[in-house]
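# Structural description and commentary
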Amino acid sequence: MDMGSSASVAERKTAAAAAAASAPAAPKALRRGLWGIIDPVRGAIWLAMAMAGLGMVCAIVGVAALAGVLECLRSGALTLPLLGPLDVWGFGLLAGGLIVASLVLRVLSFVVSHLGAFRLEQRLRTDLAAHLAQVPLGYVITAGTGALTKTLQDDVKSLHAFVADSTPLFGRNVAAPVVTLVLLFLIDWWLALVALGVFIAGMAAMRLAMRDYAVLRQRYDRAREAIQAAVIEFVQAMAVVRMFDGGSASFRRYNTALLTFRGIFKTWVQATGTAARITLAVLSPMPTLLAVSAAGIVLHGQGLIGFPALVAVLMLSTGIADALMPLMWMNEFLHRARAGAMRVQDVMDVPVLPTPTQPAAPGDASVEFEAVRFRYPDRTDVALDDLSFIVPPGTVTALVGPSGAGKSTVARLIPRFWDVAGGAVRIGGVDVRACSPEVLMHHVSFVFQDTFLFHDSIASNIRMARPDATDAEVEAAARAAQAHDFITALPQGYDTIAGDRGTRLSGGQRQRITIARAILRDAPILVLDEATAFADPENEALIVAALANLMRGKTVIVIAHRLSTIRDADQIVVLDQGRMAERGTHDALVASDGVYARLWRTHEAAQGWILRSDASETAPGDTP
Amino acid sequence: MSHATHTIPTLRETYRRMLMAAGSEAPAVRRMLALFALGAVAQGLAFACFFPLLRALLAEPADLTQAWIWLGVMVAATVADLILGWLGHGFEYGGAIADVTHDLRRRLGRQLRQMPMQALARWRTGDLGAVLGGSIDEAVAPMGTLSHVIIRMLVVPLVVIAVTLAIDARMALAMAVIVPMAVPIYRWQRRASGQERRDVAEAHGRTESDIVEYTQGLAVLRTLGQTGAKAQRLQESLAHLREVQAKALMAGLWPALLMAGLVEIGLLVVLALGGTWVTQGTLSLAAFAAMLVIVMRFSEPLALFSELTKVFDLMEVALQRMDQVLAVAPLPVTAPAQPPSDHDIAFDGVTFAYEGENAPALKDVSFHLPARSLTALVGPSGSGKTTVTRLIMRFADPRAGTVRIGGADIRSLSSDALAARLSVVFQDVYLFDDTILENIRMGRPDADDAAVVAAAQAANCHDFIRRLPDGYATRVGDIGGSLSGGERQRISIARAILKDAPIVILDEPTAALDTESERAVQKAIDALVRERTVLVIAHRLSTVVGADRILVFDDGRLVEMADHRSLLEAGGRYAALWTAQLRSKAWHAAPVPADV
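What you see is a predicted model; the values in this text were computed from it and never measured.

### Let's talk about the overall build of chain A
- The helix and strand tally for chain A stands at 22 helices and twelve strands.
- For chain A, the residues scored as buried account for 52% of the 624 residues in total.
- When contacts within chain A are restricted to residue pairs at least 6 apart in sequence, those whose partners lie at least 24 apart make up 79%.

Structure, rendered in structure tokens:
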């Protein structure tokens, strides 16, 4: 299913060897991240490991019982400490029973670990989803839905793989060598020492050969990341760049990355090849069998060991090395699971937005910024610095400025996508941090550039704004948003399924549905972020009409790139590099000949641009 | 594109696919397989040495000379096995595996360059990335280990059975019976695991969409209090996933249990028979003891069997996904009837429908655009404007009609020859993680630095580039997000200017920009379009009033074609669009009293 094998075999084998060589160190380093994350299903994991271990014990003892069969065939019966005297059939039944029991235990352990893994998946995804709902929305936006989806989907899946498949193996691999060694020493400690000797010699040789493993592994991992990046770049650029030069320039870049990778990959496999091949040879059963046979011939010749004991040792002795083989699968699981656990932990570690213990309610629909300072996490420059302005209820304020001036930041601080670093944002006289999240969301509506529709009917998508709204109210909102006509023209009307996987709607149509949502919500404060940017001419006219309906009687804060749309705003706040550069009405600002006046002249020039194949003249009103 | 096939691939099919994937290294793969097979024979013979070895030990008195001789034979067979295995693993550790992955990535890369863009659009970027990035390793990496283990699982028992035949035919037959019984169970298991994988993959697909929806809609969901455990849709699909997983687990359990049971219990039965024959005196104790030792070795690879099937499936799926990409035929290039004489563009009765859609995107469209003229494409979204530009780029071939450049059917031009004639400026700009200089030079790889700087100057981006930390040597990745949309757009225009292609296609290059960036990009475009055949898709009609000719599209048809003035006078579709745009332009975000 989700067996990890994107890494090379060479890597896995040598990794197995390294895991074996450094087995005691590995789990300690893991404990905090990985074991912490899978803690909720701890019970299932222990049970699965115990049953797997017990199953292994049964299997090995079952094999030993087969040796008992042999002994009885020679000498009739054998008396065991607890079971008393057993004959051939007694041992046969014992062996059969133990082998069947081991089979059943193996399957049970498999079932328990898988059910635990399924439960873990559900639990982790729910926890992550709940946590994301409490952290600043800004985090969700900057982390990106792509990366967060990857964590909720793929990283959780890698943990699933670890819990489901690795934990039973872990139980088996701990039990096998221990039980085998105990039995071997019980049977004949000379032969046990020989088997152990071969194993230890092999491990020592391997360890010696594996000295550079960490460095090589790191270099290889880096090369793999590089090739992954090169592949993504090549594929992403394909559609765009192909028209440029048939894609030959990007192919050259891709090819260079491929050549580098081949070089490093070759060095890696060749450097670790000897170690890996020695490992394979040692872990294969024959060397142990040969050594035990040689020692057996000597001991048997001197009458120091019975024939059945020799056969028993021959059957059991390879168990120590055998247990190491599955480690080569396990290490890859561990590697991925640890990386996944780390990313899950990173998300869970994002602090939640503090909520007030005694929430206050906003008095009216005014918005006030008072000496607001803000810096994005992981950035050194200040996004907003000492910004103060007041938007009285029922008025329109436009935010204007070059890109990067801080317009969108202002819009995002009002609904608390982030919290300010200094100063305060107030709505209706109350600090937004003192409002409960629900109250805040009910007071503020947004219409953003990127519209979002759920995979649900159009009616439900609109009703989302107010779940108790009647059909008539939903329709009225759709009419006001100029969406009713196109909705009824759809085959299923209001029942048409929208969303990414639903009916394909144009950008303008999606925009109008979100406006209908905002109209139905009827929040007193409205934030518009360049709502008409992507619309084509016909849609633009409809959206404009829809927005006019939406804005009726509201306090509006609008971010507009196209200045003509905000000429009549009550107040224009001009931002430049996070500070307020100017504030006033359009006419006053144009007259004062500052930043806004310059922006306005550029705007007029851009509006007057006429594309000509002989574009020798500049557009009217252009400032050089 | 990760649908598994509904049939179980036979070993022969997998073998064929492996050789296909290995490409020019196929002989190395064959050699590896042969070495592994020979090694397995040697191992089987080494195991078989236990028969005479134990007989010598059990003889009265013990024949130690014989025992040492047979041990010697066993050592020889083991050494042969280890050497053959060592050589076989040379495919991986000698580096041939690196060559195979390298060649495969190259082959797939070349295929991406030549497959029709329409076919390319079938895959999501992420899926293709996974094929070129991950699938190759998934397909190639297990070749060595997997074939080693599988060959051993098949060959060693056969050799042992063959040797046993010489010692005790009943015993050999009893063992041989297990094999034909294992085959149907194996197929059942593969089929069940295939079905299981499909169901679980589907459920995972559903959770993934719901997770995407949840994170994207979080702002809305928060206002509704539908988050975390109260997020209904997400919770439903998480519960569904768990249910499907559990069901798949149980469904896969029986065949797996039966398989393991058959083999382990089957071997027990064989041993029980052996024991009975020993008590009856028809089988020597030594032969029985040897059987015990050897049979124990068979159950080891079988314990790994289910893990093995998973890797096997993964390799199969990876090979199939690569097959799907490699199977797409490139658009045919016919023998050139005549080379393009000029750079005029002609559509002659062109009808085109996108893959998988019945309604044509273009219906019987004909027009002629003279060289060095400016043409605007206008119409509502979905009316066919973008399709026209795509057909000129040979995104796909029209169902009917022809597209000509300079009188030559573009189907007769090689993709390089066609690309050399076109410059395209898209809305979304792709910049490589390289220096700004190299990103521009991409337009014409043999251009010298001075030519690159000149193009940057013409594209109005020289000044901002010089202000970057390392000027033209600044790596795009290092400054990443700090380049604005307008700046990125101007870099792409500099590329196009450097390329100096006679035909320029502009797809709303300024739609997403703020005022200042827009003006800067406009100036860059002015430099680009001089003396070229230009096609522009523009939403703002005022931009294109100066075009030599405006083509108005509606629902895939070319409904009007003339210059701005004539179209306004005609009072048709264009005039209506023009009026609509004037109206929305007059809109201002002024306060609206509540009671209007």
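Let's pick the thread back up.
### A closer look at the overall build of chain B
- Across its full length, chain B carries 24 helices and ten strands.
- A compact globule built from 596 residues would reach a C-alpha radius of gyration of about 25 Å, whereas chain B, at 35 Å, exceeds it by more than 25%.
- Expressed along its principal axes, the backbone C-alpha trace of chain B runs to roughly 115 × 65 × 55 Å.
- The 596 residues of chain B split such that 44% are buried.

### Some points on helix H22 (residues 595–607) of chain A
- A rise of 1.5 Å per residue sets the reference length of H22 of chain A, with its 13 residues, at 18 Å; its end C-alpha atoms lie 18 Å apart and thus fit the reference within 8%.
- Taken together, the buried positions of H22 of chain A are Tyr596, Leu599, Thr602, His603, Ala605, Ala606 and Gln607 of chain A.
- Here the buried face of H22 of chain A lies against strand S5 (396–400), strand S11 (571–576), strand S12 (579–584) and helix H21 (586–592) of chain A together with helix H22 (515–529) of chain B.

### Quick notes on the domain arrangement of chain A
All names here are of chain A.
- Domain boundaries assigned for chain A yield domain 1 (9–349) and domain 2 (367–607).
- Between domain 1 and domain 2, the residue contacts involve four residues of the former and four residues of the latter.
- Each residue belonging to the side of domain 1 that touches domain 2 can be placed in one class, and the counts come to three nonpolar, one polar and no charged.

### Here's the deal with the sheet that holds strand S3 (residues 374–378) of chain B
Residue and element names in this part refer to chain B.
- Pairing is mixed in the open sheet, where six strands are placed in the order S6-S7-S8-S3-S9-S10. Among the strands making up the open sheet, the edge pair consists of strand S6 (422–425) and strand S10 (557–562). Averaged over all pairs of adjacent strands, the angle between their axes in this sheet comes to 20 degrees, without regard to strand direction.
- As paired elements, strand S7 (residues 503–507) and strand S8 (residues 533–537) share five bridges and run parallel to each other. Counted as the bridge partner of Val504 is Val534 from S8.
- Sheet strands in contact with helix H21 (residues 485–499) are S6 and S7, and its direction is about 170 degrees off that of S6.

### Some remarks on the sheet that holds strand S5 (residues 408–409) of chain B
Residue and element names in this part refer to chain B.
- Reading across from one edge, S2-S1-S4-S5 is the order of the four strands in this open sheet, with antiparallel pairing throughout. In this open sheet, the two edge strands, each paired with only one partner strand, are strand S2 (362–369) and S5.
- Alignment of strand S4 (residues 400–405) against S5, held across two bridges, turns out to be antiparallel. Bridge pairing in S5 places Ile405 opposite Ala408.
- Here helix H15 (residues 385–392) sits on the sheet and contacts strand S1 (345–352), S2 and S4; the angle it forms with S1, its principal contact strand, is near 115 degrees.

### Comments concerning the UniProt feature "transmembrane region" (unreviewed entry) in chain B
Residues and elements named next belong to chain B.
- Those residues carrying the UniProt feature "transmembrane region" (unreviewed entry) are residues 67–87, 149–166, 172–188, 248–271 and 277–296 in this numbering.
- Along residues 248–271 the backbone is 100% helical and 0% strand, and the end-to-end C-alpha distance reaches 35 Å.
- Structurally, residues 277–296 comprises 80% helix and 0% strand, and the distance from its first C-alpha atom to its last is 19 Å.

### Describing the confidence of the model for chain B
Residues and elements named next belong to chain B.
- With 92% of its residues at a pLDDT of 70 or more, chain B shows a mean pLDDT of 84.
- Contacts of residues 1–6 to residues separated by more than four positions or lying in other chains number twelve contacts, the stretch itself having pLDDT below 50.
- Quick note on the complex model: pTM equals 0.74, ipTM equals 0.78.

### Side note on the pairing of strand S6 (residues 422–427) of chain A
Residues and elements named next belong to chain A.
- Taken together, the five bridges between strand S3 (residues 367–374) and S6 define a ladder with antiparallel strand orientation. Within the sheet, the bridge partner assigned to Glu368 lies in S6 and is Arg426.
- In the sheet, S6 pairs with strand S7 (residues 430–431) via two bridges, with the strands oriented antiparallel. Of the residues in S7, the one forming a bridge with Ile427 is Val430.
- Hairpin connection from S6 to S7: two residues lie between these consecutive antiparallel strands, with Gly428 at a positive phi of about 55 degrees.

### Considering the packing of helix H4 (residues 88–132) of chain A against helix H12 (residues 232–280) of chain B
- Two elements in contact, H4 of chain A and H12 of chain B, have axes separated by 10 Å at closest approach and are oriented at 165 degrees. Comparing the axis directions of H4 of chain A and H12 of chain B gives the class roughly antiparallel. The hand of the H4 of chain A/H12 of chain B crossing is right-handed.
- Residue classes in the contact of H4 of chain A with H12 of chain B are distributed as 18 nonpolar, nine polar and four charged.

### So, helix H18 (residues 449–458) of chain B
Residue and element names in this part refer to chain B.
- Listed in full, the buried residues belonging to H18 are Val452, Ala455 and Ala456. Viewed end-on, H18 has its buried residues packed into an arc of 100 degrees, placing them on one side of the element.
- The inward-facing, buried residues of H18 contact helix H17 (436–441), helix H19 (462–467) and H21.
- A positive backbone phi angle near 65 degrees is found at Asn460, which sits one or two residues after H18.

### Focus: the interface of chain B and chain A
- Contacts between the two partners involve 155 residues from chain B and, on the opposite side, 142 residues from chain A.
- Per element, the largest residue contribution to the side of chain B that touches chain A is 18 residues, and it comes from H12 of chain B.
- Partitioning the side of chain B that touches chain A into residue classes produces 83 nonpolar, 42 polar and 30 charged.

### Some thoughts on the domain arrangement of chain B
All names here are of chain B.
- On domain assignment, one finds that chain B holds domain 1 (10–168 + 313–328) and domain 2 (345–585).
- Each of domain 1 and domain 2 has a C-alpha centre, and the two are 52 Å apart.
- Counting from both sides, the interface comprises four residues of domain 1 and, opposite them, four residues of domain 2.
- Its residues assigned to classes, the side of domain 1 that touches domain 2 comprises two nonpolar, two polar and no charged.

### Details of the nonpolar core
- Membership of the largest hydrophobic core comes to 280 residues, with the highest contact counts inside it found for Val313 of chain A together with Leu292 of chain B.
- When residues of this core are assigned to their parent elements, the largest contribution, 19 residues, is made by helix H3 (residues 42–75) of chain A.
- Apart from the residues lying within four places of it in its own chain, the contact partners of Leu292 of chain B are Leu66, Leu70, Val311 and Met315 of chain A together with Leu271 of chain B.
- Core analysis: the second largest hydrophobic core is formed by 72 residues, Leu374, Leu422, Val425 and Val521 of chain B among them.

### Considerations on unusual backbone geometry
- The residue after Glu60 of chain B, namely Pro61 of chain B, is reached through a cis peptide bond having omega -5 degrees.
- When you line up the elements, Pro61 of chain B lands in the loop between helix H3 (50–58) and helix H4 (64–88).
- Although it is not a glycine, Ala371 of chain A adopts a positive phi angle of roughly 45 degrees.
- By secondary structure assignment, the location of Ala371 of chain A is in strand S3.

### Notes on the pairing of strand S9 (residues 549–554) of chain B
Residues and elements named next belong to chain B.
- Where S3 lies against S9, four bridges are found, and the strand directions are parallel. Residue pairing for S9: Val378 is matched across the bridge by Val552.
- Note that S9 and S10 share five bridges and pair antiparallel. Residue pairing for S10: Leu551 is matched across the bridge by Met561.
- Between S9 and S10, which pair antiparallel in sequence order, lie two residues; one of them, Asp555, sits at a positive phi of approximately 50 degrees.

### Thoughts on the environment of Gly88 of chain B
Residue and element names in this part refer to chain B.
- Here Gly88 lies in helix H4.
- On a C-alpha basis, the gap between Gly88 and Leu35 in space is 5.3 Å, while along the polypeptide they are 53 residues apart.
- The contacts of Gly88, once residues within four sequence positions are left out, are Met32, Leu35, Phe36, Gly39 and His148.

About the criteria used
- Residue numbers run consecutively from 1 along every chain, following the written order of its sequence.
- Here chains are named by letter from A upward and ligands by number from 1 upward, in the order in which they appear as written.
- Whole-chain, interface and lining totals are the exception, using all residues; otherwise, since this is a predicted model, local features are given only for residues with pLDDT of at least 70 and side-chain atom pairs are given and counted only at 80 or more.
- Counting from the N terminus, the helices are DSSP H or I runs at least four residues long and the strands are E runs at least two residues long.
- With C-beta atoms placed from the backbone, the exposure class of a residue follows from how many other C-beta atoms lie within 10 Å of its own: 20 or more, buried; 12 or fewer, exposed; in between, partly exposed.
- Whether two residues are in contact is decided by their C-beta atoms, placed from the backbone, lying within 7 Å.
- Note that the radius of gyration is over C-alpha atoms, with the globule rule given as 2.2 Å times the number of residues to the power 0.38.
- To estimate the expected span of a helix, subtract one from its residue number and multiply by 1.5 Å.
- Segmentation into domains, and thus their bounds, comes from an automatic or database assignment.
- Each residue is assigned to one of three groups, with Ala, Val, Leu, Ile, Met, Phe, Trp, Tyr, Cys and Pro labelled nonpolar, Asp, Glu, Lys and Arg labelled charged, and all others, Gly among them, labelled polar.
- When DSSP finds two or more bridges between a pair of strands, those strands are recorded as paired.
- Each axis is a line fitted through C-alpha atoms, taken for helices only over the stretch in contact, and angles between the N-to-C directions span 0 to 180 degrees.
- UniProt positions are given in the numbering used here, feature names are shortened, and annotations may be inferred rather than shown by experiment.
- Scored between 0 and 100, pLDDT is the confidence that the predictor attaches to each residue.
- Orientation is classified from the angle alone, with under 35 degrees giving roughly parallel, over 145 giving roughly antiparallel, 65 to 115 giving roughly perpendicular, and any other angle giving oblique.
- In this scheme the crossing of two helices becomes right-handed for a clockwise turn of the near helix relative to the far one and left-handed for an anticlockwise turn of less than a right angle.
- The directions from the helix axis to the C-beta atoms form the arc being described.
- Connectivity within a nonpolar core runs through C-beta atoms within 7 Å, and the core itself is a set of buried Ala, Val, Leu, Ile, Met, Phe, Trp, Tyr and Cys residues.

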